[in-house]
Amino acid sequence: MPYIVLDVDIDIDQFIDSCSRRDIKNLIEYLREDGHLPDVEVKMVIDNIAEPIRNVHDEEWYDVLKKLAGLRLQMSLEDIETVKQIVKKY
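Every chain's residues receive numbers from 1 upward, in the order its sequence appears when written. Note on the predicted model: pLDDT of at least 70 is required for a residue's local features to be given, and 80 or more for side-chain atom pairs to be given and counted; whole-chain, interface and lining totals, by contrast, use all residues. Hydrogen atoms and water are omitted, and side-chain values are computed over all heavy atoms in the structure.

Caption draft 1: Expanded view of the overall build of the chain. Secondary structure assignment for the chain yields four helices and two strands. The helix and strand labels rest on DSSP assignments: H or I over at least four residues marks a helix, E over at least two residues marks a strand, and numbering proceeds from the N terminus. For the chain, the sequential pattern of α-helices and β-strands runs α-α-β-β-α-α. When accessible area is computed with a 1.4 Å probe and restricted to protein chains, residues below 20% of their type maximum are described as buried, those above 50% as exposed, and intermediate ones as partly exposed. Counting every position in the chain, which comprises 90 residues, the buried fraction comes to 12%. Contacts are assigned to residue pairs with any non-hydrogen atoms lying within 4.5 Å of each other. Considering only contacts within the chain whose residues lie at least 6 apart along the sequence, 5% involve residues at least 24 apart. Per-residue and other accessible areas were derived by the Shrake-Rupley procedure at a 1.4 Å probe size, with only the shown protein chains allowed to occlude residues. Accessible surface, the chain as shown: approximately 8,400 Å² in total, 56% of it carbon and sulfur.

Shown next, in the form of C-alpha cells:
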C-alpha cells in the first residue's frame, strides 16, 4: 500500500480549539505517556477544569464534588444553604 505524506501547517490554537474534551484528554494522556508531561493522571472535572489527581483522597474528593453538582435540583433549600455556608467558611 502506498503511503501519502502531507505537510500541513496548523496553528496550535486552532487545533486545540477544535478538539473535544475527549480529544484534549487523549492528547494529555499521549503527551504524558510519551514523557512530555509528568506522570500524573488528569481528569476533567466541573466547568472543564483539568485537575491533576495525585492520590486516592483527591480522586474521592472530586468524585464527591461531581456527584454533589448533579444533585442540586434534588436538594432541599436548607441543604443548599449548608453547602454555601461551608464554601464561605473557607
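Anyway, onward from the coordinates.
Caption draft 2: Looking closely at the confidence of the model for the chain. Across the chain, each position has a pLDDT score giving the predictor's confidence in that residue, from 0 to 100. Of the residues in the chain, 81% have a pLDDT of 70 or more, and the chain-wide mean is 79. Highest mean pLDDT in the chain belongs to helix 4 (residues 77-89) (93); lowest belongs to strand 1 (residues 41-45) (56).

Caption draft 3: A nonpolar patch on the surface, seen in detail. Each patch is built from salt-bridge-free residues with over 30% relative accessible area, joining like charges within 9 Å and nonpolar side chains (Val, Leu, Ile, Met, Phe, Trp, Tyr) within 5 Å. Only one rule defines a salt bridge in this text: a Lys or Arg side-chain nitrogen within 4 Å of an Asp or Glu carboxyl oxygen. Taken together, the side chains of Ile4, Leu6, Val8, Ile10, Ile12, Phe15 and Ile16 make up a nonpolar region of the molecular surface, amounting to roughly 740 Å² of accessible area. With respect to the secondary-structure elements, valine 8 resides in the segment before helix 1 (12-17). For valine 8, a relative accessible area of 55% corresponds to the exposed category.

Caption draft 4: Broad picture of the pattern of salt bridges. Counting across every chain of the model gives three salt bridges. With a closest N to O distance of 3.8 Å, lysine 66 and aspartate 63 form a salt bridge. Of this pair, lysine 66 and aspartate 63 both sit in helix 3 (residues 56-70), three residues apart, which is roughly one turn of the helix. By relative accessible area, which is 36% here, lysine 66 ends up partly exposed. Its relative accessible area of 29% is what places aspartate 63 among the partly exposed residues. By sharing partners, the salt bridges in this structure join Glu29, Arg32 and Glu33 into a single network.

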